[in-house]
Amino acid sequence: MEIRLTQEQWEQFQAGLYERDERLERREPGGTYSRDERVDAYVLSAHAEALYSQDIDPDLWETLADLEMEAGSDEEAWRMIREFYLERGCVLVRIGEDLNTDAGPDDREEWLFSERLAERLGLTAGL
């Protein structure tokens, strides 16, 4: 499954999350949350299966090695990682302003989440 979000939607999604006891959840209206429960891209990355981001080092080669695969380039490595997780039912979230075209490697922002986590956080329901 693939979900496409604008940068604004992605930021709103992150702002609507909190992490407590290493569990990521959606904020509830009227709920009380401490500052240390705030979720930024680094906190969110700990819950992702894999990611390709310009803001966070995706460490493609370590992920590829964990999967016991080899590639000749960053592009090939990410393609292999993405296919591996999508074949296992994960959800690909693509972030960008122009959602009608695929971003090049310098503009790519893609995150892979388990289907269960994506559903729990409301990604599959259209936020």
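The present account deals with the structure reproduced in this document. Source: prediction; values computed, not measured.

### Notes on the nonpolar core
Phase 1: Formed by 20 residues in total, the largest nonpolar core has its most connected members in Trp-10, Leu-44, Val-93, Trp-111, Phe-113 and Leu-123.
Phase 2: Taken together, the elements giving at least two residues each to this core come down to β1 (2-5), α1 (7-15), β5 (91-95), β6 (110-113) and α5 (115-120).
Phase 3: Counting residues per element, this core draws most heavily on β5, at 3 residues.
Phase 4: Contact partners of Leu-44, with chain neighbours within four places excluded, come to Trp-10, Phe-13, Gln-14, Leu-17, Leu-24, Val-39, Trp-111 and Phe-113.
Phase 5: Counting residues in each nonpolar core, the second largest holds 14 residues, with Leu-67, Trp-78, Ile-81 and Cys-90 among its members.

### Section: the sheet that holds β5
Neighbouring strands of a sheet are bound in pairs by backbone hydrogen bonds; such pairs are parallel or else antiparallel.
Phase 1: Spatial strand order, β1-β5-β6-β4: 4 strands in an open sheet with mixed pairing. The sheet terminates laterally at β1 and β4 (50-52), the two strands that pair on one side only. Geometrically, the sheet is characterised by an average inter-axis angle of 15 degrees between neighbouring strands, direction not taken into account.
Phase 2: Pairing of β1 with β5 involves 4 bridges; the strand directions are parallel. From the neighbouring strand, Ile-3 faces β5, where its bridge partner is Val-93.

Thresholds applied
- Residues numbered from 1 in each chain as written.
- Predicted model: local features only at pLDDT ≥ 70, side-chain atom pairs only at ≥ 80, totals over all residues.
- Heavy atoms only, no water.
- Core = buried A, V, L, I, M, F, W, Y, C linked by side-chain atoms within 4.5 Å.
- Buried < 20%, exposed > 50% of the residue type's maximum accessible area, 1.4 Å probe, protein only.
- Helix = DSSP H or I, 4+ residues; strand = E, 2+ residues; numbered from the N terminus.
- Contact = heavy atoms within 4.5 Å.
- Pairing = 2+ DSSP bridges.
- Axes fitted to C-alpha atoms, helices over the stretch in contact; angles between N-to-C directions.

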